[in-house]
Protein chains: 2
Amino acid sequence: MIDILPTIQMVRRAGMIDLTWGHPATELLPVEEISRAAAAMLDRAGIEALTYGADQGAGPLLDWLRTRIARTEGRAPAAGEIVITAGNSDALEQICALWAHPGDVVLVESPTYHLAVRIMRDHPLELAPVVADEFGLRIDALEAAIASLRRAGRRPRMLYLVPTFHNPTGVSLSPERRAVLVELAAAEDLLIVEDDVYRELTYDGPAPPSLWSMAPPGVVARMGSFAKVLAPGLRLGWLTGGAALVGRLVSSGLRDSGGGTSHFAAMVVAELCASGRFEEHVARLRVAYRARRDALLSALAIHLPPGCRVSMPAGGYFVWVTLPAGLDAAELLPRAEATGVSFLPGARFHLEGGRGTNALRLAFSLHTPEELAEAAQKLGEVIGEN
Amino acid sequence: MIDILPTIQMVRRAGMIDLTWGHPATELLPVEEISRAAAAMLDRAGIEALTYGADQGAGPLLDWLRTRIARTEGRAPAAGEIVITAGNSDALEQICALWAHPGDVVLVESPTYHLAVRIMRDHPLELAPVVADEFGLRIDALEAAIASLRRAGRRPRMLYLVPTFHNPTGVSLSPERRAVLVELAAAEDLLIVEDDVYRELTYDGPAPPSLWSMAPPGVVARMGSFAKVLAPGLRLGWLTGGAALVGRLVSSGLRDSGGGTSHFAAMVVAELCASGRFEEHVARLRVAYRARRDALLSALAIHLPPGCRVSMPAGGYFVWVTLPAGLDAAELLPRAEATGVSFLPGARFHLEGGRGTNALRLAFSLHTPEELAEAAQKLGEVIGEN
C-alpha cells in the first residue's frame, strides 16, 4: 500500500563512476565509533541527551570545541562566541534568516558552492559575484564590487566564501590575500561568512589559518562542521563568530522553543570526541583521501590532452579541470556519461551566465583510487575526441 | 581555562516546585529504548544513517508514519504530503521562511503558545490575534479578523493554532468548530498551521480528529513531533500537508545542500518504532501523565478559593487557572515563588497587552502527583491571602 521512500540522498547509478557527489566515502564513515559513543553516552547521561538541550548547544561539545580550536588555531572562542548548528547549511540558513534582511546584497565568490547559493536565494537575498582565480578570491574584484554598490547607494551585508580547500575548485585563498581580506572587511564593516567545512581534510601539512582566527572579533562568522570529518547524517556543526551574531542565533525563537540544535547528535559526538577517537579518525581520513586525490591527479596528468588545466588541491574533496578554449563541459557530459563517468559542469558554480562553461568539477571523495584512475582515463579520451 | 557551558535548557531551582516548564518528565524519557534502537540500527544500517539523508527525510520513518497515521487518523498522507522536520519549532520556522513572505499577516489564536509567537516574529511576520474561549478558537472572531483585514486590502497568509490539548489552556477545539473552521479556511484559501504536538498524550479516550484529517488537501499543514512522546533532544518531528507546501520545504536549498533534517535521529526512531516499542511507550506516558493531571486538578479543586476557574484538559501538559476578577497573576508570582511554587502568568500567552493578566498556566508534566498536590495547596493559600 505504501511506497518505500528513499533513505539516503545519493542515487547510485549502475556502471557509472559518478564524480558529481561531494559526499564522504561510505566505507570511511565511523559506524563503530558512533555506536560505541552512543551507547556509552546514553548509559551515563541519557536523560541529559534526550531532554531539551541548552539553547547554545550541548555544553560538553561546546567545551571540547573551544579547547580544540584554541589548540589548533591559536585562538579560543569566548563562551559567547560559539554555537552548535545542524551543519553548515543550517548555519548559513540561520544567518540568512536572523542576521541578514530580505533583499540585502550578499557578495559571493565566483565560482562558489552552488547549493549555498540556493540557500541564500531562498530568503531572498540578492547575490553579487566576486571573481576568484587560482589564488582564491580576487581582492581587487572585491573592492570593485563594494565600490560599485556604493555608487548605487548600497552596502553589501556580507561576503560568503570557502577560502580553504574550495568547493568547487580545491584552491585555498593565499596567505597574502587572507591578511588583506580581513583588514578590508574590518574597515568596510563587512561580515565575512567563512564556510570552513573542509579544514580538517588537509593532505600536505597544516591547513591555512581560518579567516576567523586572523580577524578582529565580529568580522568573521566561521562555519565548521562534522559532516566531512565524522558523518553528514548527524546534521551537526558549529559556528564561531562575534558575540552579537552568535547571540542573535542563540536567542532566536526557534531555540527558545526547541532548545539547542541537533542535541542528541551533539551529545553522541561530544562522547566520541572526549574519548580521543576524533583525532585518530581524522588522521585515518587524511591518509585515505590523500591517496584518492593523488590517484586522480596523477591519472589526469597522464590522460588529459594538452590544453587542459587541473587544480592542485591541498585538501578537501574537489579537483577543478579547465578545458581547452572552445570546449563546453555541458556538451561533454553526455558523452562522458556514455563511457561511464560523470561530473558537474563548471557553469553550475557561477552566478553569472556564460562563465565556467569550459570547466568541470571532479569530486574524488566517494571513489577508490582505482575507480578514479579509470575515470581520468575515460575523461581524457572523451576530451581528446574533440 | 574553559567555562563549563550548560548541557540542558531547563534550570532547576532548588526548593521550587516549578510549573513553568512544558518539558517531559525526565524519568519518563525512554533512555533504554533509544539506546537499544541506536545499537540495532547502526549495526544493521549504520552507513545509511551516517551519510546524507534523503531530502524529504529518512524513508523508513516516513513509511512508518504514513502507515500509522492512516491507521490512527483514517487518512493516509500521500508520498508527497509528508516531510520529516526537526520538531514543531523547526517546522514552523521553515514555513515562515519558505512559504510565508516577510510582512505577511498571520492570524494567531489568543492565548497561544508564546514561543511560536517568537518564531513567527523572527521572520518577521505581522501577527493578528483571534480570541479563543473554553471551546477553543472563536469562529466569529476569526471571521471578524478576516473581514477587518479585507477592509484594509489585506489577506491573512495563515492561521496558527494548537487545537488539541492547547498550550497554554489545555482546551481542545470543539468538534463543531473544527468542522466549520476547515470549511471556512478552504473557502478563504487560508492555510491552517495546526500545531499538533500533544495529540498522543490523551487521557480520557481518543483525541479529537486533527484538522488535517478533516480538511481538503492543501488547507492544513499539521505539525507533529516526537518531542513529547519520545524525547525533545532528538529534535525530530514531521509535517503532513498539501503537496505544494511539502514540496517547497523538501526542495529548499537547505535540504538540497544538507540532506534530510535530523537524519541520524530519524533512523534511530524508525528502528524504535518498527520494533513496536513506540505504542507501549505512549501507553505508559498516558497512564503517568493522567495521574499527574488528576492529582493537580483534584488538589486545585480542594485548595483554590472561590471565584477561581480551572480548565479541564483531556490531554497534554497544561492547566489554565483564571483568578477572581481584580487579581493579577504577575503580582501573585513573587509571593507564590516565596512559598516554593512557580508558574507562568497568563499575559505571556497573549499578543494583546492587558489580556490574560488574571490567568496563569500550570505545567504538570515535570512533577510527581505529590509535588503537584503540594503546589496546588500553596497556590491556594497565596491566592486566598488577597
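Counting starts from 1 at the beginning of each chain's written sequence and moves along it residue by residue. Chain letters start at A and ligand numbers start at 1, both assigned in the order the entries are written. Local features in this predicted model are restricted to residues whose pLDDT is 70 or higher, and side-chain atom pairs enter the listing and the counts only when it is 80 or higher, whereas totals over whole chains, interfaces and linings include all residues. The side-chain figures draw on all heavy atoms in the structure; neither hydrogens nor water molecules are used.

Q: Any chance you could break down the interface of chain B and chain A for me, citing the residues and the numbers?
A: Contact with chain B, which involves 77 residues of that partner, is made by 78 residues of chain A. Here chain B and chain A share an interface that buries about 6,400 Å² over both sides, 61% of which is from carbon and sulfur atoms. Throughout this description, the term salt bridge denotes a Lys or Arg side-chain nitrogen within 4 Å of a carboxyl oxygen of Asp or Glu. Viewed at the interface, chain A and chain B are joined by four salt bridges. In this structure, the salt-bridge partner of A:Asp122 is B:Arg248, at a minimum N-O distance of 2.7 Å. Think of a polar contact as two N or O atoms within 3.5 Å of one another; within protein, one of them needs to be a possible hydrogen donor and the other a possible acceptor, and neighboring residues in sequence only count if both atoms come from side chains. Applying the counting criterion to the chain B and chain A interface returns 36 residue pairs in polar contact (both at pLDDT 80 or more). Elements with a minimum of two residues in the side of chain B that touches chain A: α1 (31–50), α2 (59–73), α3 (88–98), α4 (114–121), α9 (253–258) and α10 (263–274) of chain B. Any residue outside Ala, Val, Leu, Ile, Met, Phe, Trp, Tyr, Cys, Pro, Asp, Glu, Lys and Arg is labelled polar, Gly included; the first ten of those are nonpolar and the last four are charged. Residue composition of the side of chain B that touches chain A, grouped by class: 37 nonpolar, 26 polar and 14 charged. Only heavy atoms matter for contacts: two residues are in contact if any of them lie within 4.5 Å across the pair. Buried area counts how much accessible surface, traced with a 1.4 Å probe, disappears from two parts once they are put together, with both parts' losses summed. Runs of E in the DSSP output that reach at least two residues are strands. Runs of H or I that reach at least four are helices, and both are numbered from the N terminus.

Q: Quick rundown of unusual backbone geometry? Include the residues and the values.
A: For the peptide bond that leads from B:Ser110 to B:Pro111, omega is 5°, which places it in the cis range. Omega for the bond connecting B:His123 with B:Pro124 falls within 30 degrees of zero, at -10°, which places this linkage in the cis form. Within the secondary structure, B:Pro124 sits in the loop between α4 and β4 (126–133). Phi angles above zero are rare outside glycine, and A:Asp189 is one such case at about 55°. You can see A:Asp189 is positioned in the loop between α6 (175–188) and β7 (191–195). A 1.4 Å probe rolled over the protein chains alone gives each residue an accessible area, and that area as a share of the maximum for its type sets the label: buried under 20%, exposed over 50%, partly exposed in between. A relative accessible area of 56% means that A:Asp189 is categorised as exposed.

Q: An account of the confidence of the model for chain A is needed here, citing residue identities and associated values.
A: With 99% of its residues at a pLDDT of 70 or more, chain A shows a mean pLDDT of 97. This complex was scored by the predictor with a pTM of 0.97 and an ipTM of 0.97. Residue-level confidence of the predictor, termed pLDDT, takes values from 0 up to 100.

Q: Before we move on, can you summarise empty space enclosed by the protein with the specific residues and values?
A: Buriedness for pockets is judged along seven lines, at least five of which must meet protein on both sides within 12 Å for an open set on the 1 Å grid over protein atoms alone, while cavities are sets there where a 1.4 Å probe fits but cannot get out, and lining residues have an atom within 4 Å of a point. Grid points are joined across faces, edges and corners, and a volume is the space filled by probe spheres set on the points. If you walk through the whole model with that rule in mind, you get eight cavities of 30 Å³ or more. Put simply, the largest cavity is a space of about 330 Å³. For the largest cavity, the lining is made up of 23 residues, of which A:Ala86, A:Asp90, A:Thr261, B:Ala86 and B:Asp90 are closest to its centre. Mapped by element, the contributors of at least two residues to the lining of the largest cavity are α3 (88–98) and α9 (253–258) of chain A together with α3 and α9 of chain B. Examining the composition of the lining of the largest cavity, we find that four residues originate from one element, α3(A), more than from any other. Residues belonging to the lining of the largest cavity are distributed by class as follows: four nonpolar, 12 polar and seven charged.

Q: Tell me about helix α4 (residues 114–121) of chain A, and name the residues and values.
A: Burial analysis of α4(A) places six of its eight residues in the buried class, which makes it a mostly covered element. By the burial criterion, the buried members of α4(A) are A:His114, A:Leu115, A:Ala116, A:Val117, A:Ile119 and A:Met120.

Q: Lay out helix α12 (residues 329–339) of chain B with the relevant residues and their values.
A: Residue and element names in this part refer to chain B. Of all the residues in α12, the buried ones are Ala329, Leu332, Leu333 and Ala336. Projected down its long axis, α12 shows its buried positions confined to an angular sector of 120°, all on one face. Set apart from the buried face of α12 by more than 90 degrees, the exposed residues are Glu331, Pro334 and Ala338. Those residues of α12 that are buried lie in contact with β12 (341–342), β13 (344–345), β14 (359–363) and α13 (369–384). In this structure aspartate 328 caps α12, since a side-chain oxygen of it lies 2.8 Å from the backbone nitrogen of alanine 330. Taken from the residues just after α12, glycine 340 is the one with a positive phi, measuring 100°. This arc corresponds to the set of directions leading from the helix axis out to the C-beta atoms.

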